Amino acid sequence: MAEKLNKAAVYRAAKPKEKDYFINDGGGLFLLVKTSGTKLWHFVISFDGKRNRLSLGIYSGVTLEAARRKSEEARIQIASGINPAALRDEAKAAKQLQKQNRDRVKQGLPILDSFADITRHWLASIAHLTSATTHKKKTSRIERLAFPLLGDKAVGDVKPANILAVLKPLIDKQQLETAHRLHAEISSIFAYAIVHNYAEYDPAQPVAKQIPAQKVVHRAAIIDPKQFVLRDIGNYRGTFAVHAAFRLSPLLFQRPGEIRQMLWEDVDLATREWRPYISKTDFHHIVPLSRQAVEILESVRPLTGSGNYVFPSSRGDGRPMSDNTIRTALKSLGYDSDVMTAHGFRTTASTLLNEQGWSPDAIERQLAHSPRDQVRAAYNRAQYLDERRRMMQTWADYLDALRNGATVIQFPLQS
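Residues numbered from 1 in each chain as written. Predicted model: local features only at pLDDT ≥ 70, side-chain atom pairs only at ≥ 80, totals over all residues. Heavy atoms only, no water.

A. Structural context of the sheet that holds strand S3 (residues 39–47). Spatial ordering of the open sheet is given by S1-S2-S3-S4, a layout of four strands whose pairing is antiparallel. Two strands bound the open sheet, and with one partner strand each, they are strand S1 (21–26) and strand S4 (50–58). Taking the axes of each pair of neighbouring strands and ignoring which way they run, one obtains an average angle of 30° across the sheet. Pairing geometry for S3 and S4, over eight bridges, is antiparallel. Within S4, the position partnered with Ser 46 by the bridge is Arg 51. With respect to the sheet, helix H2 (residues 64–79) is in contact with S1, strand S2 (29–33), S3 and S4, its orientation differing from that of S3 by roughly 15°. (Pairing = 2+ DSSP bridges. Helix = DSSP H or I, 4+ residues; strand = E, 2+ residues; numbered from the N terminus. Axes fitted to C-alpha atoms, helices over the stretch in contact; angles between N-to-C directions. Contact = heavy atoms within 4.5 Å.)

This is the structure in structure tokens:
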């Protein structure tokens, strides 16, 4: 059995030689003496049938007593089924990760493997599936509402209670639509994390039942032709561009956001078509333009035709008309939001056109309610376009008759 070292022996014997050599302290502990004179403690371990050498430090910083104490700790770990070499590697990796994350924070990047980091990867993976506008809204919602509590937390450490804490303020404020959207997005992030081995389960799943079901609130709309607002629209005293947008809204019955953001590049007055991209349903829509709609657009073109938007903001800041503009116009005519809304023109058109016997599929397509089946959606686009052209012109003529005070009758469809 090797005689254990004492301090005097170390000092006397541990001199550099032509080659590196070991001085045995027994029990697997050695002092490695380098040709440079550097002295390093090593402990030879055997774990799962494999031998490995564990560095315990430089002699100048680790005394003989300390080296023996460390080697004894390693023996206890091995007896407990713990690999001290693996434990040392994990600690070293953790230190490197800490340094790397400090550098990332300085650069404005999220901590590695954090909820924010995995969210960035997930957002990048779905960018091609959504429009730029939708992707931007999704990113903003997660950053504003989820990142403050979850952003820096390791994605694998996120618990259901953490997610509920994110959603609770939205639930308390009855912002249930936002709560459901955010919950679905967080769940999708964890689905990505599970597939890519960053997490083992989705902690958002048990939180779903804690979000109350959203009550559907239908936007106010007048569906009685005799009480329709067409005569009052003619009495609106706003700017010419706003008046044009106001008159166009019932003729086209598209979503208010799409009308106010109408681009001249999407309008073809020669073919009498408007072809906007509908971000809500992610497809390019065709809106046939009636003679009356073309006349309105031609009247406003000298005023706004040199810009991007058909109905630009009055501030001249390059943005479209505000989303409150038509709402304010309706209110100025005495129509509060519980009576009629800009979105209500869609409900009015859908109700009356269905009553008048037009094809429900043509009406739905004109409303830009795209079928879930994309093959059927493409088929519908081709099948109903001619019918929608007839429908839009007949609808415009019908609105003229209402505005002029004609007797309201069910008109026959044109074949």
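B. Spatial organisation of the packing of helix H4 (residues 115–126) against helix H5 (residues 132–145). Between H4 and H5, the shortest axis-to-axis distance is 11 Å and the interhelical angle comes to 170°. In terms of orientation, H4 and H5 fall into the roughly antiparallel class. Counted together, Phe 115, Thr 119, Arg 120, Trp 122, Leu 123 and Ile 126 of H4 and His 135, Lys 138, Thr 139, Ile 142 and Glu 143 of H5 form the full contact between these two elements. Of the residues that constitute the contact of H4 with H5, the class distribution is five nonpolar, three polar and three charged. (Parallel < 35°, antiparallel > 145°, perpendicular 65-115°, else oblique. Nonpolar A, V, L, I, M, F, W, Y, C, P; charged D, E, K, R; others polar.)

C. Structural detail: the sheet that holds strand S9 (residues 287–288). One open sheet accounts for three strands, arranged S5-S6-S9; its pairing is antiparallel. Unpaired on one side and paired on the other, strand S5 (267–268) and S9 mark the two borders of the sheet. Here two bridges tie S5 to strand S6 (residues 273–274), and the two strands are oriented antiparallel to one another. The partner of Asp 268 across the bridge, within S6, is Glu 273.

D. Representation of the pairing of S1 in the model. The pairing of S1 with S2 spans five bridges and is classified as antiparallel. In the strand pairing of S2, Tyr 21 is matched with Val 33. The turn linking S1 back onto S2 is made up of two residues, and Gly 27 within it adopts a positive phi angle of 70°.

E. Quick look at helix H10 (residues 240–252). With 13 residues, H10 ought to run about 18 Å at 1.5 Å a step, and its terminal C-alpha atoms sit 18 Å apart, in line with that. With 11 of 13 residues buried, H10 lies mostly within the body of the structure. Listing the buried residues of H10 in full gives Ala 241, Val 242, His 243, Ala 244, Ala 245, Phe 246, Leu 248, Ser 249, Pro 250, Leu 251 and Leu 252. Positive backbone phi, approximately 40°, marks Phe 253, located one or two places after H10. (Expected span 1.5 Å × (residues − 1). Buried < 20%, exposed > 50% of the residue type's maximum accessible area, 1.4 Å probe, protein only.)

F. Structural detail: unusual backbone geometry. Positive phi, close to 60°, is recorded for Gln 174, a residue that is not glycine. On the secondary structure map, Gln 174 appears in the loop between helix H7 (160–172) and helix H8 (176–195). Judged by its relative accessible area of 56%, Gln 174 is exposed. Non-glycine residue Asn 197 carries a positive phi angle of around 65°. Positionally, Asn 197 belongs in the loop between H8 and helix H9 (230–233).

G. Representation of the nonpolar core in the model. Grouped together as the largest cluster of nonpolar side chains are 47 residues, with contacts concentrated most on Leu 248, Leu 252, Met 262, Val 267, Leu 289 and Phe 311. Mapped by element, the contributors of at least two residues to this core are H10, helix H12 (291–304), helix H13 (325–332), helix H14 (344–355) and helix H17 (385–403). Ranked by residues supplied to this core, first place goes to H10 with eight residues. (Core = buried A, V, L, I, M, F, W, Y, C linked by side-chain atoms within 4.5 Å.)

H. Main features of the side chain of Asp 25. Looking at the secondary structure, you find Asp 25 in strand S1. In this structure Asp 25 comes out as buried when scored by relative accessible area, which is 2%.

I. Region of the structure containing the packing of aromatic side chains. Counted according to the given criterion, the structure contains five aromatic pairs. An angle of 75° between the planes, with centres 5.9 Å apart, marks the rings of Phe 22 and Phe 30 as edge-to-face. Assessed through its relative accessible area of 41%, Phe 22 is described here as partly exposed. For Phe 30, a relative accessible area of 23% corresponds to the partly exposed category. Here the aromatic cluster, defined as three or more aromatic residues joined through ring pairs, consists of Phe 115, Phe 147 and Phe 190. Its guanidinium or amino end placed over the ring of Tyr 21, Lys 17 lies 4.3 Å from that ring's centre, counting from NZ or CZ. (Phe/Tyr/Trp six-rings, centres within 6.5 Å; stacked < 30°, edge-to-face > 60°. Lys NZ or Arg CZ within 6 Å of the ring centre and 35° of its normal.)

J. Layout of the environment of Asp 317. Among the secondary structure elements, Asp 317 is positioned in the loop between H12 and H13. Polar side-chain contacts of Asp 317 include one of 2.9 Å to the side chain of Arg 319. (Polar contact = N/O pair within 3.5 Å; in protein donor to acceptor, adjacent residues only side chain to side chain.)

K. Local environment of the pattern of salt bridges. In total, this model carries 14 salt bridges according to the counting rule given. Note that Glu 185 and Arg 141 form a salt bridge whose closest N and O atoms lie 2.6 Å from each other. Within this pair, whereas Glu 185 is found in helix H8, its partner Arg 141 is found in helix H5, the two being separated by 44 residues in sequence. Classification of Glu 185 by relative accessible area gives buried; the value is 5%. The residue Arg 181 makes a salt bridge to Glu 177 at a minimum N-O spacing of 3.1 Å. Of this pair, Arg 181 and Glu 177 are both found in helix H8, four residues apart, which corresponds to roughly one turn of the helix. Judged by its relative accessible area of 39%, Arg 181 falls in the partly exposed class. Beyond isolated ion pairs, a larger network of salt bridges with shared partners links Lys 138, Arg 141 and Glu 185. (Salt bridge = Lys/Arg side-chain N within 4 Å of Asp/Glu carboxyl O.)

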